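A look at the structure
Listed below are the residues making up each chain.
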Amino acid sequence: MKALVLSGGNGTRLRPFSHSMPKQLIPIANKPVLEHVLANIRDLGITDVGVVVGTRLHDISAALGDGSALGLRLTYLPQDEPLGLAHCVRLARDFLGDDDFVMYLGDNMLPGGVRDLAERFRATRPAAQVVVHKVPDPSACGVAEVAADGTVLRLEEKPERPGSDLAMVGVYFFTPAVHEAVAAIGPSPRGELEITDAVQWMVERGDDVRAVEYTGYWMDTGRIEDVLACNRELLRALRPSVAGQVDAHSEITGAVVIEAGARVVRSHIEGPAVIGAGTLVEDSHVGPHASIGADCVLRATDMADSIVLDGASVCRVRGVRGSVIGRSADVGGAARGTTHHRLVVGDHTRIEVAA
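This section reports on the structure supplied with the text. (Residues numbered from 1 in each chain as written. Predicted model: local features only at pLDDT ≥ 70, side-chain atom pairs only at ≥ 80, totals over all residues. Heavy atoms only, no water.)

Strands sit in the order S16-S19-S22-S25-S29 across an open sheet of 5 strands; the sheet is parallel. This sheet does not close on itself; its edge strands, each paired only once, are strand S16 (251-253) and strand S29 (320-321). (Pairing = 2+ DSSP bridges. Helix = DSSP H or I, 4+ residues; strand = E, 2+ residues; numbered from the N terminus.)

This brings us to the pattern of salt bridges. Tallying each qualifying case throughout the model produces 24 salt bridges. Here Arg-205 ties to Glu-180 by a salt bridge, and the two come within 2.7 Å at their closest N and O atoms. Taken as a pair, Arg-205 in helix H8 (residues 195-205) and Glu-180 in helix H7 (residues 178-184) lie far apart in primary sequence, 25 residues in all. Taking the relative accessible area as the measure of exposure, Arg-205 reaches 36% and is therefore partly exposed. Classification of Glu-180 by relative accessible area gives partly exposed; the value is 47%. We note a salt bridge from Asp-302 to Arg-321, for which the minimum N-O separation is 3.1 Å. One end of the pair, Asp-302, is in strand S25 (residues 302-304); the other, Arg-321, is in strand S29, with 19 residues separating them in the sequence. (Salt bridge = Lys/Arg side-chain N within 4 Å of Asp/Glu carboxyl O. Buried < 20%, exposed > 50% of the residue type's maximum accessible area, 1.4 Å probe, protein only.)

Structurally, Thr-175 can be placed in the loop between strand S11 (166-174) and H7. Judged by its relative accessible area of 6%, Thr-175 is buried.

For helix H9 (residues 224-235), which comprises 12 residues, the first-to-last C-alpha distance of 17 Å matches the rise-based estimate of 16 Å (1.5 Å per residue) to within 8%. In terms of residue burial, H9 counts as a mostly covered element, since 9 of its 12 residues are buried. Along H9, the residues classified as buried are Ile-224, Asp-226, Val-227, Leu-228, Ala-229, Cys-230, Asn-231, Leu-234 and Leu-235. (Expected span 1.5 Å × (residues − 1).)

On the surface, Val-242, Val-246 and Ile-252 cluster together into a nonpolar patch covering about 200 Å² of accessible area. Owing to a relative accessible area of 31%, Ile-252 belongs among the partly exposed residues under this scheme. (Patch = residues over 30% accessible without salt bridge, like charges linked within 9 Å, V, L, I, M, F, W, Y side chains within 5 Å. Areas by Shrake-Rupley, 256 points an atom, 1.4 Å probe, with all protein chains shown as cover.)

Read from one edge of the open sheet, 7 strands run S15-S18-S21-S24-S27-S31-S34, paired in parallel fashion. Strands at the two margins of the open sheet, each flanked by one partner only, are strand S15 (245-246) and strand S34 (350-353). Here S15 runs beside strand S18 (residues 263-265); their pairing, made up of 2 bridges, is parallel. Each bridged residue has a counterpart across the sheet, and for Gln-245 the counterpart in S18 is Arg-263.

Taken across its 5 residues, strand S6 (residues 101-105) has 5 buried, putting it largely inside the fold. As defined by bridge partners, strand S1 (residues 2-7) adjoins S6 across 5 bridges and the pair is classed as parallel. When the sheet's bridge partners are listed, Lys-2 is paired in S6 with Phe-101. By the bridge criterion, 4 bridges tie S6 to S11 in an arrangement that is antiparallel. Each bridged residue has a counterpart across the sheet, and for Tyr-104 the counterpart in S11 is Val-171.

Let's shift gears to the pairing of S1. Of all 6 residues making up S1, 6 are buried, and the element is well covered by its neighbours. What you see with S1 is no split at all: Lys-2, Leu-4 and Leu-6 on one side and Ala-3, Val-5 and Ser-7 on the other are buried throughout. Relative to strand S4 (residues 48-53), S1 is paired through 5 bridges, and the arrangement is parallel. Across the sheet, residue Ser-7 finds its bridge partner in S4, namely Val-53.

Moving on: the state of the cysteines. This model, assessed by the stated rule, comprises 0 disulfides. Cys-141 supplies the cysteine sulfur nearest to Cys-88, a cysteine that is in no disulfide, at a spacing of 18 Å. Accessibility expressed as a relative area gives 4% for Cys-88, which makes it buried. (Disulfide = S-S within 2.5 Å.)

Note the cis peptide between Gly-271 and Pro-272, where omega equals 5 degrees. With respect to the secondary-structure elements, Pro-272 resides in the loop between strand S19 (268-270) and strand S20 (273-275). Between Gly-287 and the following residue, Pro-288, the backbone shows a cis peptide bond with an omega angle of 5 degrees. Position of Pro-288 among the secondary structure elements: in the loop between strand S22 (285-286) and strand S23 (290-292). Notably, Ser-328 is not glycine yet its phi reads approximately 55 degrees, a positive angle. For Ser-328, the position within the fold is in the loop between strand S30 (324-325) and strand S31 (330-333). Judged by relative accessible area, Ser-328 falls into the partly exposed class, the value being 38%.

This part is about the layout of surface pockets. Considering only enclosed or pocket space, the second largest pocket measures out at about 270 Å³ in volume. Along the wall of the second largest pocket there are 14 residues; nearest its centre are Leu-25, Pro-27, Asn-30, Pro-32 and Asp-310. Class assignment of the residues belonging to the lining of the second largest pocket gives a composition of 8 nonpolar, 3 polar and 3 charged. (1 Å grid on protein atoms, 1.4 Å probe; cavity = no way out; pocket = protein on both sides within 12 Å on 5 of 7 lines; lining within 4 Å. Points joined across faces, edges and corners; volume = space filled by probe spheres on them. Nonpolar A, V, L, I, M, F, W, Y, C, P; charged D, E, K, R; others polar.)

This is the structure in C-alpha cells:
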C-alpha cells in the first residue's frame, strides 16, 4: 500500500501565516501538522508516500527532505493550481500504479491514528473506504449517508440539507478502481474535480464502497482557532521531559517539556507546555497550553494558550492568551507590564503593543 498526502491549497483562512509558509507546516505542539500526518502514515507500515504540493514545493521539501529522517520515501508531485482532490489522484496516477493507497489531507489532525481503520480496509478490501466522523453541523463538509452495515448509500459535497451527521474527515482508502472513477467525472460547479463525486460514481456503478467511523479527536486545522484548539489537545498528552537548563529560582509544574539548549531563568513554566531548543525564558510565566518554538526569547512576559514559532521574541507583555506569534517576529510592550490578551503576528513582523 502507498500513501498520497495532499499539501496544496492556499490556506487563506490562516493568514497572515499562510502568506509566508504553507499551512501544513504550522506547528502544533512544536511539530508541523504535516509531520503529525506522516507519523500516522508511517504507523500503518507504509513507506512510499506521494506528496501533492502547490506553489510551496520549496518550503515543504526543505522541511521534509526526502523523508528518510521520518522513515519514509517521499515523492513530490507538483500541482500548478488547486483543481480538487480527485485531480490529485489523476496527477498521482503514475506514482500510485496499481497499488492500493490511503489518501490523507495534509492539514487534518487525527492524533489517535487510523491503524485500526487501515487494518479493516486491508482485511475486507472494498473498492473504496471513506472515514467519517459525527459532527453537529456537517454542511461545510462532504457528507456520507450510510446503511447499518457500513455500505455507503450516497455522498454529497457541502450539502445545504445534509442527509446525515457523518462528515468525511479527509482520510480515504482506495483500490485501483478509483482511477476509472476520477477519469469519468467532470468539474463540479465550483470548478474542481471532487473526490466525493468520484466515490459517488463508484457507488452508482455498484462498487463496494464502505464507511468506517473515526471516534477520536479530529480537527481540520484551517483556522487560527482550530490550530490553537488542536495544540491544547495534543499538549494534554505531553510526557514531561527536561533536557534544558532550569535555574534554582524557577519553578516547573505539571507536564512540561524543555528541549535541549533551552534556558529557564527566574520563571514559572506551568504545564502542559513545551519550550523549544535554544529558547530563553526569563522573568516570565508560561503556560498552560503554550508551545514555544526553537530559538525564541521571552522576557518579562505572561503567556498561556498560545503558539510561538521559531526565532520569535516577546518582551514585556502580560496576559497573552489565544495568540500565535510568527517566525522571527518581535513583539514588545510599550511600557513594562503591557497587557494584551490576543495577538496574531505574522512572520518577521515587529510590533509594539500599547497598554
